[in-house]
Each structure stands twice: as C-alpha cells, then as structure tokens.
Amino acid sequence: MTTTDDTPEARAFRDLLRSLRVWTGELPDFDPDTAPEAPLPLFRQWLGEAAAAGVPEPHTMSLATADAAGDPSARIVMLHDADENGWHFASHRGSRKGRELAARPSAALCFYWPLVGRQVRVRGAVTAAGPEESAADLRRRSPGALAAALVGHQSEVLGSFAELERAADESWERAQREPDAAVPSWTAYVLRPEEVEFFQGDDRRRHVRLCYRRADDGWQRVLLWP
C-alpha cells in the first residue's frame, strides 16, 4: 500500500491541480444526428473550426504505439494529411515509433482542441509507404524539417548537446544546398481507421461522444456514454 506524499511541495502541487480549470469559454453545440455518414468530412470540419477558433497547432496529435511486448509509448507528432486512405504522418524508420510500428503495425491518435472542448480519437492499422512516396512527403515539408531529418539518429542515445549542435548546423547547411537531399530512413505512414470517436465537451459534463466503427458496408455510428 502506498502512502500520500504530504510534503509542502506535494501539497502545493495538488492545490495547483485542483485550481486549474478547463473550457472557460463558450463551447460550440454538436448535434450527432446531423453528423455525416463517414468520419472524414466531420474531422476536416472540426479541424478547420479549431483553427478558426485560434487553437494553437490544431494539426498536432498524440500518437500511441506499442512494442513487441505490448508496452505502450506516446508522443506528439504532426498530421500530414487526412484522406480516404487514412490519417498520414511520418518519421524515421529507425526511431522508437518506427521500430514499434514495424513490430506492431497498429496505432492510436488523439487530437485535443481545448478552446472548443473537442477531441478526436482514431484507431487502426498502420502501413508504411515506399521510398518514393516517403521522399515526396519530405519534399513537401519546410527546409527546417529537411534539416532535422538529415540529422537522423532519432531516439538514439546522444553523447552531448555539443554533438547535436554540430550535426544540426551541418544538416542545416546541407538542406540549403540540397533542397532535394535524400533521407533513406524517412518513412511516411498512413493509419487506416477502424474506429473514429468525436468528443464534444459540455460545461455540465453532458459530453457528446459519437463513435464511427468500420463495418463491411461502410461505417456504423453509435453514441457512447460520457
């Protein structure tokens, strides 16, 4: 049995947590009966509304994966696209997420947009794109993204910050010289959704949860208790 930490620092931290509030502004209405038959149009609409409401970086999402033993890990990544094929993102093949996706090719995504009290959860199988499509994905990104990709070694142990500074400077210079430089480890991924849940928060905690589940003939829509 564990005991509660009762130091002044611990009490101050718990007091801080209790003082924090969410959804301080007016939240939008969401009538699930008016939702489209498939999740993609609603996702695109909600992301656009989050951007219009001033949500910072609404295209970022948590990506949860698991290793061969089933131990999970999560991180924030950027959405590159969402289309009829699925939700797109990318990373180095040798990174932790890349190794875990190779061992267990399925993942879960979560978008959270606090200014509108909304989140979207996506779960499904993940497929890695080939070299040409992955290279095209990187070419569509900024020079800074290319420079970061050229550094490589993602998730490996770093000996010192000075080593990173040298590698980053060299990669930045190369990205300026070679805007089409190849990064063989860069891999585009697409998550084909089996389930997409839309959560609309309510200040009285009567949250609306609309879940799309893939069926043989399209999508099944169900409501979930908050």
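Above this note sits the structure.
One pass over the structure, following the stated rule, counts 10 aromatic pairs. Centre to centre, the rings of F30 and W46 are 5.1 Å apart; their planes meet at 75 degrees, and the pair counts as edge-to-face. With F30 in the loop between α1 (8–19) and α2 (39–52) and W46 in helix α2, this pair connects stretches of sequence that are 16 residues apart. The exposure class of F30 is buried, given its relative accessible area of 14%. On the accessibility criterion, W46 (0% relative accessible area) is buried. Relative to F198, the ring of W46 has its centre 5.3 Å away and its plane inclined at 90 degrees; by these criteria the two rings are edge-to-face. Of the two residues, W46 sits in helix α2 while F198 sits in strand β7 (residues 186–200), which places them 152 residues apart along the sequence. For F198, a relative accessible area of 0% corresponds to the buried category. Of note, R118 hangs over the ring of W46, and the distance from its end group to the ring centre comes to 4.1 Å.

So, about the pairing of strand β2 (residues 72–78). Along β2, the buried face is formed by S73, R75 and V77; none of P72, A74, I76 and M78, which line the opposite face, is buried. In this antiparallel pair of consecutive strands, strand β1 (residues 60–66) and β2, the connection spans 5 residues, and G70 shows a positive phi of 90 degrees.

Conventions adopted
- Residues numbered from 1 in each chain as written.
- Predicted model: local features only at pLDDT ≥ 70, side-chain atom pairs only at ≥ 80, totals over all residues.
- Heavy atoms only, no water.
- Phe/Tyr/Trp six-rings, centres within 6.5 Å; stacked < 30°, edge-to-face > 60°.
- Helix = DSSP H or I, 4+ residues; strand = E, 2+ residues; numbered from the N terminus.
- Buried < 20%, exposed > 50% of the residue type's maximum accessible area, 1.4 Å probe, protein only.
- Lys NZ or Arg CZ within 6 Å of the ring centre and 35° of its normal.
- Pairing = 2+ DSSP bridges.

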